[in-house]
Number of protein chains: 4
Amino acid sequence: MTGPRFPPSHSFATTRRRFEGTFIGRRRCPRVSEQSRFGCRRWAIPEGYIPGQSVDPNDRALISHEAACLLNPTDDDAQVDITIFFENREPAGPYRILLGARRTKHLRFNDLRDPESIPRDTPYSSLIESSVPIVVQHTRLDSRNPYIALLSTIAFALD
Amino acid sequence: MTGPRFPPSHSFATTRRRFEGTFIGRRRCPRVSEQSRFGCRRWAIPEGYIPGQSVDPNDRALISHEAACLLNPTDDDAQVDITIFFENREPAGPYRILLGARRTKHLRFNDLRDPESIPRDTPYSSLIESSVPIVVQHTRLDSRNPYIALLSTIAFALD
Amino acid sequence: MTGPRFPPSHSFATTRRRFEGTFIGRRRCPRVSEQSRFGCRRWAIPEGYIPGQSVDPNDRALISHEAACLLNPTDDDAQVDITIFFENREPAGPYRILLGARRTKHLRFNDLRDPESIPRDTPYSSLIESSVPIVVQHTRLDSRNPYIALLSTIAFALD
Amino acid sequence: MTGPRFPPSHSFATTRRRFEGTFIGRRRCPRVSEQSRFGCRRWAIPEGYIPGQSVDPNDRALISHEAACLLNPTDDDAQVDITIFFENREPAGPYRILLGARRTKHLRFNDLRDPESIPRDTPYSSLIESSVPIVVQHTRLDSRNPYIALLSTIAFALD
């Protein structure tokens, strides 16, 4: 999942250094730590619901799904642990994901298997904890009815 | 609504303790209180509107509805009070909900009855106050037209 | 726009006093001022676009529109000024709105007339400034195609 | 892209000065710097995905697209640099955009060409860095199926 570690010609690391060296560096807000410049380590998504039906179960792009889009803009790999909360039982997890440095991952909750699958048509919530600062956005594609509907929001940072 | 209080094998409490004991614990941001690590006690949702029609009034999953998804990641039960604001009258409420420790609840505004039902096809807003830190997300499913549309956003924290 | 000022039996003011007097009052976060407990005075919505067509121009509920949902949870009336930004000209405004104490208003940008209408099918942004703390959510209903789509997000607080 | 710099009759600069001179100026929150009153310099959008199909590829308004809506409410032009992150390769960019003082720009990721186009049907994330404070909102219009779906959220501020 992690790409090559040697700096490519147009890498973000290069960009960032040059950018900050000119004008951002001098005017940056002084009250913010380095940590939060790249995101947060704890995120919550209260809404969770994987529709059990889809317009076409054979078309992965249009299958009903729920995703946590994770961005790791740091130069360190992230170990990400997800805990799933339910209405009527104790939480499930942790689900453990590796997210490479300078990488994104659009993680479908549908695909989680270990330690257990997430039941369909069931309300849940998720808590996402990372070893390095990341940014998290929640998206659902619902194709039950049979045309698609979308929702998305930045998750809530708990750091 | 509250699940069993003895720790299950994969409980979030267990997860959290282990996780923090390794790497999160050493690098956690020192400027944040314990309170905000689990959410906030006051939340606002300015948008509120329950469509009066649905594609199929007998299919609860697809009935037009508006929900506040509440996540209580703490180890204490939450008492949640909701106040509803209108355009042309004084607020209604409080609507009182219990939310168990380590539980989520996808609360439909459609289902609120006491002290009064929320009128359909009427703009409203809501203020949500909890006895312990929680996280709140707002979602609407609109199935009037007749295919569904979705919206969602993390509510605004007022703590 | 402002309702009666005498306290009704289930008013939010009554609720709030009682609620804080029990358990919220003792555990409330001490680092937050009274101001931000009710919202913020400056809000931005970068996305703005009123579709010029609708599935049925005679059905106000389903006409394509863009709204700023404003919640004033305080006990003071709010004077709200909106400035509209464009891609290729100087901003328009201020558009002046009164929002009563303990009231919501789902303001449609479509309805703004003074000092000028907002052009359809044209990208814009809005800045919302209030005399008292409020909370703002942005919503669009798009019924061009011909089934409806919805988007919504809490606006960005600039206080 | 930058409009005329001489103050027009209804400019935001005029509005703002007058507004603050009356009541906002006296009650403004004292703990916030001038910088954050107009937005932030660093924003992240973890979700990114440009659908490769559209209901009508010849209708620009309804073509599937993803946009970053940028609002620059300051009196200085903004130089904006965008970096695109992927799941399996190093980031692309910077993409450089000019955003005039007191202007908005609804930037379609579909239109980015230099240094390279963004591939369709591919998950990505974006990091947006500006020389002055701005506000950023993320929007996608998906018209694959064949009716449209919309999503939107304020991006995550990293300042």
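The rules behind each value
Residues numbered from 1 in each chain as written. Chains lettered and ligands numbered in written order. Predicted model: local features only at pLDDT ≥ 70, side-chain atom pairs only at ≥ 80, totals over all residues. Heavy atoms only, no water. Helix = DSSP H or I, 4+ residues; strand = E, 2+ residues; numbered from the N terminus. Buried < 20%, exposed > 50% of the residue type's maximum accessible area, 1.4 Å probe, protein only. Contact = heavy atoms within 4.5 Å. Areas by Shrake-Rupley, 256 points an atom, 1.4 Å probe, with all protein chains shown as cover. Buried area = accessible area lost by both parts, 1.4 Å probe. Salt bridge = Lys/Arg side-chain N within 4 Å of Asp/Glu carboxyl O. Polar contact = N/O pair within 3.5 Å; in protein donor to acceptor, adjacent residues only side chain to side chain. Nonpolar A, V, L, I, M, F, W, Y, C, P; charged D, E, K, R; others polar. Least-squares fit on C-alpha atoms with pLDDT ≥ 70 in both.

S.K.: What's the story with the overall build of chain A in this structure? I'm lost.
M.R.: For chain A, the count of helices and strands is one helix and eight strands. Secondary structure elements of chain A, listed N to C terminal, follow the sequence α-β-β-β-β-β-β-β-β. For chain A, buried positions account for 62% of its 159 residues. Here the contacts in chain A between residues at least 6 apart in sequence split such that 72% fall between residues at least 24 apart. Looking at chain A as shown, the accessible area adds up to about 5700 Å², and 50% of this sits on carbon and sulfur atoms.

S.K.: Mind showing me how you'd approach the interface of chain A and chain B here?
M.R.: The figure often quoted for interface size is the accessible area lost as the parts come together. At the junction of the two partners, chain A supplies 52 residues and chain B supplies 50 residues. With both sides pooled, the region where chain A packs onto chain B buries about 4000 Å², and carbon together with sulfur makes up 60% of that total. Inspection of the region where chain A meets chain B yields two salt bridges. Between Arg102 of chain B and Glu90 of chain A there is a salt bridge whose closest N-O contact spans 2.7 Å.

S.K.: Explanation requested: the interface of chain D and chain A in the structure shown.
M.R.: Listed as interface residues are 52 residues of chain D and, on the opposing side, 50 residues of chain A. When the two sides are added together, the surface that chain D and chain A hide from each other amounts to roughly 4000 Å², 60% of it contributed by carbon and sulfur. Where chain D packs against chain A, one counts two salt bridges. When the shortest N-O distance is used, the salt bridge between Arg103 of chain A and Glu90 of chain D registers 3.5 Å. Our enumeration of links across chain D and chain A arrives at 14 residue pairs in polar contact (both at pLDDT 80 or more). Of all the elements in the fold, those that place two or more residues in the side of chain D that touches chain A are strand S1 (40-45), strand S3 (78-86), strand S4 (92-99), strand S6 (124-142) and strand S7 (149-154) of chain D. A per-element tally of the side of chain D that touches chain A places S6 of chain D first, with 11 residues. Here the side of chain D that touches chain A is built from residues that sort into 23 nonpolar, 15 polar and 14 charged.

S.K.: Would you mind going over the relation of the copies chain D and chain A with me for this structure?
M.R.: Each of the two copies of the chain can be brought onto the other by a rotation about an axis and a shift along it. Under the fitted operation, chain D is carried onto chain A by 0.0 Å of movement along the axis and a turn of 90°, and the coordinates agree to an RMSD of 0.0 Å. Here the copies are linked by what is in effect a four-fold axis. An asymmetric contact is evident, with only 19% of the interface residues of chain D recurring at the interface of chain A.

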